[in-house]
Amino acid sequence: MRNYRLLLVSALILALVVVSLGAYVRLSDAGLGCPDWPGCYGKLIGVPEQAHEVHAAQSAFPDKPVEAPKAWKEMIHRYAAGVLGLCIAALATIAWRQRTRRAPWLEIGLLAVVAGQGLLGMLTVTKLLKPVIVTSHLLGGMTTLGLLVVLFLREIRAPRLPSADPGLRMLALTALATVLIQIALGGWVSSNYAAAICADFPTCQGSWWPAMDTHHAFTLDRELGSTASGTLLSSAALTAIHWTHRLFAGVVLIVVGSFGFGLLGPDGRRGYGIAILATLILQIGLGIANVLLQWPLLLAVAHNTGAALLLCATLVATARVFIVQTMPGTLRRAEFPRRFHVVR
């Protein structure tokens with residue numbers, strides 16, 4: 001299984017890169033750098049840059065001017081996602097061949113998620129960055145990363161730890177759920193371009209409770225920048241999107257912070273608690289810095305990457321609270337009833 005583990009580590013690192021690249025493409029307004037899918041202006045390799053290529057692209061897509069820098073950003077993201085898909089397909093193939101040793105359903109489920117990601121990637125372009133599709137694409141990327149983390153945890157040797165008390169287990173599940181909800185809210189902010197609507201901190205537009213339109217803000221079936229009826233999405237709706245994400249960050253700070261501190265005891269989970277608290281502080285700090293500095297591109301991308309790291313840290317800690325691991329490839333020693341020992 002050595003090749004499997006090397007491939008798994010490569011896929012895990014690449015998944016984090018793809019999540020960050022996706023954020024970079026979205027935040028640099030390059031999501032429609034290529035008006036078609038899976039190629040770019042009909043090209044599977046490269047983007048139109050030569051004069052004759054640009055002319056042909058303009059003839060095929062007269063409503064979309066060729067912007068090579070944005071197109072390259074989009075295609076690099078697609079290439080990285082394609083390589084990740086191939087890695088996961090290879091993992092599923094290896095797992096299927098080894099199915100007599102271990103069930104391959106987690107790898108096959110991961111492959112299905114990646115296939116769904118490909119479909120969402122296509123719809124992101126063809127539906128012109130519809131917010132619910134863009135947010136779903138982000139959540140699919142985080143799901144892919146999370147499943148790879150679970151596969152990685154299954155492979156590593158981890159020390160046996162004492163059972164956690166029920167209160168810590170409940171807190172772990174609550175912390176994981178709050179991180180997932182916050183990632184979804186953050187994706188909704190990004191896909192609606194609502195990040196810059198509140199330029200001050202800790203208030204928004206100079207108020208602790210600014211004017212908000214929550215109804216239109218969280219209507220899922222609508223186009224980018226519009227309400228479900230087709231009218232222009234108001235600044236009050238954008239404010240509601242941003243402020244909800246910022247308020248829920250307080251919930252994340254309390255719940256996930258409590259989980260991190262709960263792991264700092266003497267039972268061997270201290271390292272997981274430190275990792276959670278470190279990524280939580282980093283993520284909160286990046287969020288505040290983005291607001292105060294008006295969302296510079298690299299800092300905004302770092303905020304998305306920080307969310308992925310916080311998810312990984314919380315997921316690993318949750319697994320270590322619930323799962324008692326043995327060394328991979330080993331089985332628990334069988335214990336025979338006393339009467340068999342007597343016969344022997």
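You'll find the structure just up there.
This is a predicted model, so every value here is computed, not measured. Each chain carries its own residue numbering, running from 1 in the written order of its sequence. In keeping with the model being predicted, local features are shown solely for residues with a pLDDT of at least 70 and side-chain atom pairs are shown and tallied solely at 80 or more, while totals for entire chains, interfaces and linings include all residues. Side-chain measures were taken over the full set of non-hydrogen atoms in the model, leaving aside hydrogen atoms and water.

**Remarks on the overall build of the protein chain**
And step 1. On a plain count of helices and strands, the protein chain comes out with 11 helices and 0 strands.
And step 2. Listing every helix and strand of the protein chain by position from the N terminus yields α-α-α-α-α-α-α-α-α-α-α.
And step 3. For the C-alpha atoms alone, the extent of the protein chain along its principal axes is close to 85 × 50 × 35 Å.
And step 4. Using a 1.4 Å probe on the protein chains alone, a residue whose accessible area is under 20% of its type maximum counts as buried, one over 50% counts as exposed, and one in between counts as partly exposed. For the protein chain, the residues scored as buried account for 44% of the 344 residues in total.
And step 5. The contact criterion used throughout is that any non-hydrogen atoms of two residues lie within 4.5 Å. Nonlocal contacts in the protein chain, meaning residues at least 24 apart in sequence, comprise 76% of its contacts between residues at least 6 apart.
And step 6. Summed over its atoms, the accessible surface of the protein chain is roughly 17,700 Å², and 69% of this surface lies on carbon and sulfur atoms. Labels follow the DSSP assignment, with helices taken as runs of H or I lasting at least four residues and strands as runs of E lasting at least two, numbered in each case from the N terminus. Working definition of accessibility: Shrake-Rupley area with a 1.4 Å probe, residue cover restricted to the visible protein chains.

**Some points on the packing of aromatic side chains**
And step 1. Two rings from Phe, Tyr or Trp (for Trp, the six-membered ring) form a pair when their centres sit within 6.5 Å of each other. Planes less than 30 degrees apart are called stacked, planes more than 60 degrees apart edge-to-face, and all others tilted. Evaluated as defined, the whole model comprises 2 aromatic pairs.
And step 2. Between Y41 and F61, the aromatic rings sit 5.6 Å apart at their centres with planes inclined by 85°, giving edge-to-face as the arrangement. Of this pair, Y41 sits in the loop between α1 (2-27) and α2 (51-60) while F61 sits in the loop between α2 and α3 (68-97), and the two are 20 residues apart along the sequence.
And step 3. Judged by relative accessible area, F61 falls into the partly exposed class, the value being 23%.
And step 4. Ring geometry for W96 and W105: centres 6.1 Å apart, planes at 70°, overall edge-to-face.
And step 5. Taking the relative accessible area as the measure of exposure, W96 reaches 39% and is therefore partly exposed.
And step 6. On the basis of relative accessibility, which here comes to 59%, the residue W105 falls in the exposed class.
And step 7. Cation over ring: R102 sits above Y4, and NZ or CZ is 5.9 Å from the ring centre. Each ring is checked for a lysine NZ or an arginine CZ that lies within 6 Å of its centre and within 35 degrees of its normal; such an atom marks a charge sitting over the ring.

**What about the side chain of H303?**
And step 1. Position of H303 relative to the elements: it lies in helix α10 (residues 297-322).
And step 2. Once residues lying within four places of it in the same chain are set aside, the contact partners of H303 are H245, Q283, L286, G287, N290 and W295.

**Digging into the nonpolar core**
And step 1. We define the nonpolar core as a collection of buried residues of types Ala, Val, Leu, Ile, Met, Phe, Trp, Tyr and Cys that are connected through side-chain atoms lying within 4.5 Å of one another. Ranked by internal contacts, the top residues of the largest apolar core, which has 49 residues, are L84, M142, L148, V256 and F259.
And step 2. Where this core is concerned, the elements lending two or more residues are α1, α3, α4 (105-126), α5 (131-155), α6 (166-191), α8 (235-262), α9 (270-292) and α10.
And step 3. Per-element accounting of this core gives the leading share, 11 residues, to α10.
And step 4. Residues in contact with L148, not counting those within four places in the same chain, are L8, A11, L12, A15, L84, L91 and L110.
And step 5. Core analysis: the next-biggest nonpolar cluster, separate from the first, contains 10 residues, V189, A195, A217 and A237 among them.

**Let's talk about the side chain of N192**
And step 1. Here N192 lies in the loop between α6 and α7 (214-217).
And step 2. Relative accessible area serves as the criterion here: at 5%, N192 is assigned to the buried category.

**As for the state of the cysteines**
By definition, a disulfide is the covalent link that joins the sulfur atoms of two cysteine residues.
And step 1. A pair of sulfur atoms, both from cysteines and within 2.5 Å, is called a disulfide here. What the rule picks out here adds up to 2 disulfides.
And step 2. The disulfide that involves C34 links it to C40, with 2.1 Å between the sulfurs. Because the torsion about its S-S bond is -85°, the bridge between C34 and C40 counts as left-handed.
And step 3. Taking the relative accessible area as the measure of exposure, C34 reaches 0% and is therefore buried.
And step 4. What links to what in the protein chain: the bonded cysteines, counted in sequence order, pair as 1-2, 3-4.
And step 5. Here C87 is not disulfide-linked; the sulfur of C312 is the nearest cysteine sulfur, at 17 Å.
And step 6. In this structure C312 comes out as buried when scored by relative accessible area, which is 15%.

**Overview of the packing of α8 against α9**
Two quantities define a packed helix pair, namely the angle between the helix axes and the distance between the axes.
And step 1. Axis geometry follows a simple rule: fit a line to the C-alpha atoms, using only the stretch in contact for helices, then measure angles between N-to-C directions, giving values from 0 to 180 degrees. It is at 8 Å that the axes of α8 and α9 come closest, and there the two elements cross at 160°. The orientation of α8 relative to α9 falls into the category roughly antiparallel. Here α8 runs over α9; the crossing is left-handed. Of the residues in α9, those in contact with R246, A249, V252, L253, V256, G257, F259, G260 and F261 of α8 are G273, I276, L277, L280, I284 and V291.
And step 2. Residue type decides the class: Asp, Glu, Lys and Arg count as charged, Ala, Val, Leu, Ile, Met, Phe, Trp, Tyr, Cys and Pro as nonpolar, and the leftover types, Gly among them, as polar. Taken together, the residues of the contact of α8 with α9 break down into 11 nonpolar, 3 polar and 1 charged. Any angle between 65 and 115 degrees counts as roughly perpendicular, while under 35 counts as roughly parallel, over 145 as roughly antiparallel, and the rest as oblique. By the definition used in this description, the sense in which the near helix is turned from the far one sets the handedness, with an anticlockwise turn below a right angle giving left-handed and a clockwise turn giving right-handed.

The values reported here are purely geometric and, on their own, carry no functional implication.
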